[in-house]
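Listed below, chain by chain, are the residues.
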Amino acid sequence: MAAKSVIVIGGGIAGMEVSNQLSSLGYEVRLIEKNDQVGGKLLNWDRLFPTFRNAGEVLQRLQQKMDQREVIVDTNAEVTDVVKEKETFFVTVNHSVKYHADALVVATGFELFNAQRKEEYGYGIYDNVITSADLEKLFKSGGKLTNPMGKVPQRIAIVHCVGSRDSKVGNHYCSKVCCVTGVKQAIELQEQIPGVVVYCFYMDLRMYGEGFEELYRRAQEQHNIQFIRGRVSEVSETLDHSIQLKAEDTLAGRPLKMCVDLLVLMVGMEPGKGSVSVKNMLKLGTMDSGFLEPADVHLSRNVSSSKGIFMAGTAISPMSVNDTLENARSAAFEVHHYFQDID
Amino acid sequence: MKNFGFKAIEPRTIDYSQFDDRLLAYLVREEPSFGICLSCGGCTATCSAGNLVDFNIRRLSLHIRSGEIENLAKEIDKCMLCGKCTLVCPRNINLRQVVMLIKKGIVALKENPEIKEL
């Protein structure tokens, strides 16, 4: 009997890892990626929390495995239609090419929250307001760290929970990774700019993962990062283009204002554009958050509401790189069990 | 009995097992969003009154939640009802409505101090 075949939709790290695992289990895997290369959002990331490991290194390892295991990769390819006949899926790519598969894995990932929607934070209006993703690109470019006005910032504020835990933008959920990303980027800024002072404005700091709490402590002990418990309510630009922000220091119980040379917004995660179109095609359920709904949130998190369709990574919920890779591995096992008819 | 000049000190602890929760119950019933505050302080940061005088709408709400309502009438009068707190609240709490309800509740309690339920 010919090997069972699987089509993985989305070539971020979840799609890459699930493809590798399925391939080593002996299945025929085709990975479909809409961009011109695989790697997804991690392509634009410099270093990873909590170890400051180079993100490119992780991608390289995943790519090496894909090459060894002969995963078929289609780039510049977008799924435009899916039809299921009996137990077989017929997947149309770019309105033309048609493939068939015995199972599908949806690994369509996330989008970063568009910070312009929080107009009160001035992104896209004031030059010295950037996002965590912009800062990561700056780090990756390896150039001298200057703000968009060309000045080396001496005072920087980091705003947590931008687009997360916020009813005003319709995102009630926590994006999980921004807390520790803020701490990581604060440390990197402090290491790269002598004498800089970094303030983190937070509501809660959720250091849930391995090594996160230690990183937070290190930020305080070794890098003099200042943590202020209060949500920034609004910012404005001063005459010299620095940014004035308002918040309450809730521990002191008093409103505060502060001028900074650079404001960094920790943008959260939203359901991926790919998830939205795929979910309509495959008629998958979503949760209140808009992320894809698992058949069972505890016992079958990688199984969708539709038979033969599985899910991996941040299409299901916000996740760190580590959690995404682990989730992708568990998705591969769910597919394997499905093929082996193991309940 | 001989008076040695000592007197018993009122404890500072907030007693969560027994406090006057009539106003709290009224607020949560009339404006359920009052119960979901994160204490982020966005309201206080943007507050028109709080930036000028000693008025902290977040702390005031916190005090109501633990039954500390002694100076409430004087405090709540500092609110200018501009509504900016409601605009910034990430939990979408209708704080302006809460302020109006607090004012009503205070009047009701003053008129009838023994009332069981507002």
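The structure we're discussing is the one just above.
Parameters at a glance
- Residues numbered from 1 in each chain as written.
- Chains lettered and ligands numbered in written order.
- Predicted model: local features only at pLDDT ≥ 70, side-chain atom pairs only at ≥ 80, totals over all residues.
- Heavy atoms only, no water.
- Helix = DSSP H or I, 4+ residues; strand = E, 2+ residues; numbered from the N terminus.
- Rg over C-alpha atoms; globule rule 2.2 N^0.38 Å.
- Buried < 20%, exposed > 50% of the residue type's maximum accessible area, 1.4 Å probe, protein only.
- Contact = heavy atoms within 4.5 Å.
- Areas by Shrake-Rupley, 256 points an atom, 1.4 Å probe, with all protein chains shown as cover.
- Lys, Arg positive; Asp, Glu negative; His and termini not counted.
- Charge placed at Lys NZ, Arg CZ, Asp CG, Glu CD.
- Salt bridge = Lys/Arg side-chain N within 4 Å of Asp/Glu carboxyl O.
- Expected span 1.5 Å × (residues − 1).
- Arc of directions from axis to C-beta.
- Polar contact = N/O pair within 3.5 Å; in protein donor to acceptor, adjacent residues only side chain to side chain.
- Axes fitted to C-alpha atoms, helices over the stretch in contact; angles between N-to-C directions.
- Parallel < 35°, antiparallel > 145°, perpendicular 65-115°, else oblique.
- Left-handed = near helix turned anticlockwise from the far one by under 90°.
- Nonpolar A, V, L, I, M, F, W, Y, C, P; charged D, E, K, R; others polar.
- Phe/Tyr/Trp six-rings, centres within 6.5 Å; stacked < 30°, edge-to-face > 60°.

Tell me about the overall build of chain A, and name the residues and values.
Secondary structure assignment for chain A yields seven helices and 20 strands. For 343 residues, the compact-globule formula gives about 20 Å, and the C-alpha radius of gyration of chain A, at 22 Å, lands near that figure. For chain A, the C-alpha atoms occupy an extent of roughly 70 × 35 × 35 Å along the three principal directions. Buried positions account for 55% of the 343 residues belonging to chain A. Considering only contacts in chain A between residues 6 or more positions apart, those separated by 24 or more positions represent 65%. When the accessible surface of chain A is split by element, carbon and sulfur atoms take 46% of a total near 15300 Å². Within chain A, the 43 negative side-chain charges are centred at a point lying 2 Å from the centre of the 37 positive side-chain charges.

Any details on the pattern of salt bridges? Residues and values, ideally.
Applying the stated criterion to the full structure yields 23 salt bridges over all chains. With its nearest N and O atoms 3.0 Å apart, the salt bridge here joins Glu 120 of chain A to Lys 118 of chain A. Given a relative accessible area of 2%, Lys 118 of chain A falls into the buried group. Taking the shortest distance from any N to any O, the salt bridge between Arg 29 of chain B and Glu 117 of chain B comes out at 3.5 Å. One end of the pair, Arg 29 of chain B, is in helix α1 (residues 22–30); the other, Glu 117 of chain B, is in the segment after α6 (95–111), with 88 residues separating them in the sequence. By relative accessible area, which is 43% here, Arg 29 of chain B ends up partly exposed. Each of the salt bridges in this network shares a partner with another, and the network as a whole consists of Arg 47, Glu 136, Lys 184 and Glu 188 of chain A.

Give a detailed account of helix α2 (residues 55–68) of chain A, specifying residues and quantitative values.
Residue and element names in this part refer to chain A. Here α2 spans 20 Å end to end across 14 residues, near enough to the 20 Å set by a 1.5 Å rise per residue. The set of residues buried in α2 consists of Ala 55, Val 58, Leu 59, Leu 62 and Met 66. On an axial view of α2, the arc spanned by its buried residues comes to 95 degrees, and they lie on one face. In α2, the exposed positions that point more than 90 degrees away from the buried face belong to Arg 61, Asp 67 and Gln 68. Among the structural elements, α1 (13–24), β2 (28–32), β3 (47–48), β4 (53–54), β5 (72–74) and α7 (321–340) are those in contact with the buried residues of α2. If you check the start of α2, you find a side-chain oxygen 2.8 Å away from the backbone N of Gly 56, and it comes from Asn 54. Backbone geometry just after α2 places Glu 70 at a positive phi near 55 degrees.

Give me the environment of Thr 86 of chain B: which residues, what numbers.
Inspection of the secondary structure assignment puts Thr 86 of chain B in helix α5 (residues 84–88). Between the C-alpha atoms of Thr 86 of chain B and Gly 41 of chain B, which are 45 residues apart in sequence, the distance is 12 Å. Residues within four places of Thr 86 of chain B in sequence aside, it is in contact with Lys 168 of chain A together with Ile 93, Asn 94, Leu 95 and Arg 96 of chain B.

Please provide a residue-by-residue account of the packing of α1 of chain B against α6 of chain B, values included.
All names here are of chain B. At a minimum axis separation of 10 Å, α1 and α6 run at an interaxial angle of 140 degrees. Between α1 and α6, the crossing angle belongs to the class labelled oblique. The handedness of the crossing between α1 and α6 comes out as right-handed. For the pair formed by α1 and α6, the contact residues are Arg 22, Leu 23, Tyr 26, Leu 27 and Glu 30 on the first element and Val 98, Leu 101, Ile 102, Lys 104, Gly 105 and Leu 109 on the second. Of the residues belonging to the contact of α1 with α6, the class tally is seven nonpolar, one polar and three charged.

Can you lay out the packing of aromatic side chains for me, pointing to particular residues and giving the numbers?
Residues and elements named next belong to chain A. Taken as a whole and assessed by the stated rule, the structure comprises nine aromatic pairs over all chains. Pairing Tyr 27 with Phe 339 gives two aromatic rings, centres 5.0 Å apart and planes at 55 degrees, and the pair type is tilted. Taken together, the residues span a long stretch of sequence, with Tyr 27 in the loop between α1 and β2 and Phe 339 in helix α7 at a distance of 312 residues. Neither residue differs from the other here; Tyr 27 and Phe 339 are each classed as buried. Plain terms: the ring middles of Phe 49 and Phe 212 are 5.2 Å apart, the flat faces sit at 90 degrees to each other, and that makes the pair edge-to-face. Taken together, the residues Phe 49 in the loop between β3 and β4 and Phe 212 in helix α5 (residues 212–223) connect sequence positions 163 residues apart. Pair check on accessibility: Phe 49 and Phe 212 agree, each one buried. Each residue in the set Tyr 27, Phe 310, Tyr 338 and Phe 339 is aromatic and connected to the rest through ring pairs, giving one cluster.

Purely spatial values, then, with no claim about function.
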